[in-house]
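# Summary of structural features
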Amino acid sequence: MENGKPENGAKGTPKISALDAAVKYIASAPRSEKEVREKLYRKGYHKAEVEEAIARAKGYRFIDDEVYAENYVEYYGAKLGRKQLEYKLVTEKGIDKELARNTVADRISDEDEREKAAEIAASYIRVKRITERKDLAKVGAYLYRKGFARDVIDHTLDAAARGLGATEQEEF
């Protein structure tokens, strides 16, 4: 290592700066501050250089956890419930807990959450060919794993049970 920069293989020439490495990493897909920091550390950059690169990237608005969280919720909101979205933002992406909670609450209304759960449940019922009420517990477990709240799951299962009870022969 020379000047805080990892050496590049056999030639011994310095690699690109930490900021350049961060920009290159961010260019392929949006990243949270935590993801960029971890990537730079894995590449062997020193703490001071990583912190300076992060600060400069934030100054250029290449890294913005608030925008990242909004985009993440926008994209994954169709597949996951509120709890799962918050969990992933905080634990996997390193987003501040309060920011994650507020972003999810602002972007996903109660009505949106119920509609999304109903769509996911209907798809699951169709794919798994569930025709009996006793198998609805599997649907509830699936929705729970997707991060939906208990009251949303209960509401969705009630509607699904009514649908199964009304039409035993039709697909839900």
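Everything that follows concerns the structure shown earlier in this document.
Residues numbered from 1 in each chain as written. Predicted model: local features only at pLDDT ≥ 70, side-chain atom pairs only at ≥ 80, totals over all residues. Heavy atoms only, no water.

### Some details on the layout of surface pockets
Test applied: Buried and open spaces are told apart on a 1 Å grid over the protein atoms alone, a cavity being a set of points where a 1.4 Å probe fits but cannot get out and a pocket being an open set with protein on both sides within 12 Å along at least five of seven lines. Residues with an atom within 4 Å of a point are the lining residues. Grid points are joined across faces, edges and corners, and a volume is the space filled by probe spheres set on the points. For the purposes of this entry, the term helix denotes a DSSP run of H or I that reaches at least four residues, the term strand denotes a run of E that reaches at least two, and both are numbered from the N terminus. Put simply, Ala, Val, Leu, Ile, Met, Phe, Trp, Tyr, Cys and Pro go in the nonpolar bin, Asp, Glu, Lys and Arg in the charged bin, and everything else, Gly too, in the polar bin.
By volume, the largest pocket amounts to about 170 Å³. Sorting elements by how many residues they give to the lining of the largest pocket places helix α7 (residues 110–128) first, with four residues. Partitioned by chemical class, the residues of the lining of the largest pocket number three nonpolar, one polar and six charged.

### A short note on the pattern of salt bridges
Definition in use: In the sections that follow, a salt bridge refers to a side-chain nitrogen of Lys or Arg positioned within 4 Å of a carboxyl oxygen of Asp or Glu. The classification of residues rests on relative accessible area computed with a 1.4 Å probe and restricted to protein chains. Under 20% of the type maximum is buried, over 50% is exposed, and intermediate values are partly exposed.
The tally for this structure, following the rule as stated, stands at 15 salt bridges. Of the charged contacts, one joins R37 and E33 as a salt bridge, the two residues approaching to 3.0 Å between their closest N and O atoms. A residue pair is termed a helical-turn pair when its members lie 3 or 4 positions apart in one helix, as R37 and E33 do in helix α2 (residues 33–42) at four residues. Neither R37 nor E33 differs from the other in exposure class; each is buried. Where R114 meets D151, a salt bridge forms, and the shortest distance between an N and an O atom there is 4.0 Å.

### Concerning the nonpolar core
Definition in use: As used in this record, nonpolar core signifies buried Ala, Val, Leu, Ile, Met, Phe, Trp, Tyr and Cys residues forming a set joined through side-chain atoms within 4.5 Å. Every residue pair with non-hydrogen atoms within 4.5 Å of one another is taken to be in contact.
I125, I130, L136, V139, L143 and F148 are the most contacted members of the largest nonpolar core, which totals 17 residues. Contributing elements (two or more residues each) for this core: α7, α8 (136–145) and α9 (150–166). Broken down by element, the residue count for this core peaks at six residues, all from α9. Excluding anything up to four places from it in sequence, F148 contacts L80, G81, E113, K116, A117, I120, L143 and I153. Judged by nonpolar contacts, the second largest core, of 14 residues, contains A21, A22, V50 and I54.

### What to know about a negative patch on the surface
Test applied: A patch consists of residues exposed above 30% relative accessible area that lack any salt bridge, with like charges linked at up to 9 Å and nonpolar side chains (Val, Leu, Ile, Met, Phe, Trp, Tyr) linked at up to 5 Å. In short, Shrake-Rupley with a 1.4 Å probe defines the accessible areas, and a residue's cover is counted only from the protein chains shown. Positive: Lys, Arg. Negative: Asp, Glu. His and the chain ends are not part of the count. Positions of charges follow a simple convention, taking NZ of Lys, CZ of Arg, CG of Asp or CD of Glu.
Taken together, the side chains of E111, D112, E115 and E119 make up a negatively charged region of the molecular surface. Along the chain, E111 falls in helix α7. Judged by its relative accessible area of 48%, E111 is partly exposed.

### Points about the packing of aromatic side chains
Defined as follows: Pairing of aromatic side chains requires ring centres within 6.5 Å, counting the rings of Phe and Tyr and the six-membered ring of Trp. Pairs whose planes differ by under 30 degrees are stacked, by over 60 edge-to-face, and all others tilted. Whether a charge lies above a ring is judged from NZ of Lys or CZ of Arg, which has to be within 6 Å of the ring centre and within 35 degrees of the ring normal.
Here the structure, examined in full by the defined rule, presents five aromatic pairs. Centre to centre, the rings of Y60 and F62 are 5.5 Å apart; their planes meet at 45 degrees, and the pair counts as tilted. The class of Y60 is partly exposed, set by a relative accessible area of 48%. One aromatic cluster is present, formed by Y68, Y72, Y75 and Y76 through successive ring pairs. Of note, R31 hangs over the ring of Y25, and the distance from its end group to the ring centre comes to 4.1 Å.

### A closer look at helix α5 (residues 82–92)
Inclusion rule: It is the directions from the helix axis to the C-beta atoms that the arc portrays.
The complete set of buried residues in α5 reads L85, K88 and L89. Looking down the long axis of α5, one finds its buried residues gathered within 95 degrees of arc, a one-sided arrangement. A positive phi of about 75 degrees marks G94, the residue just after α5.

From the geometry alone we can't say anything about function, so treat these as descriptive.
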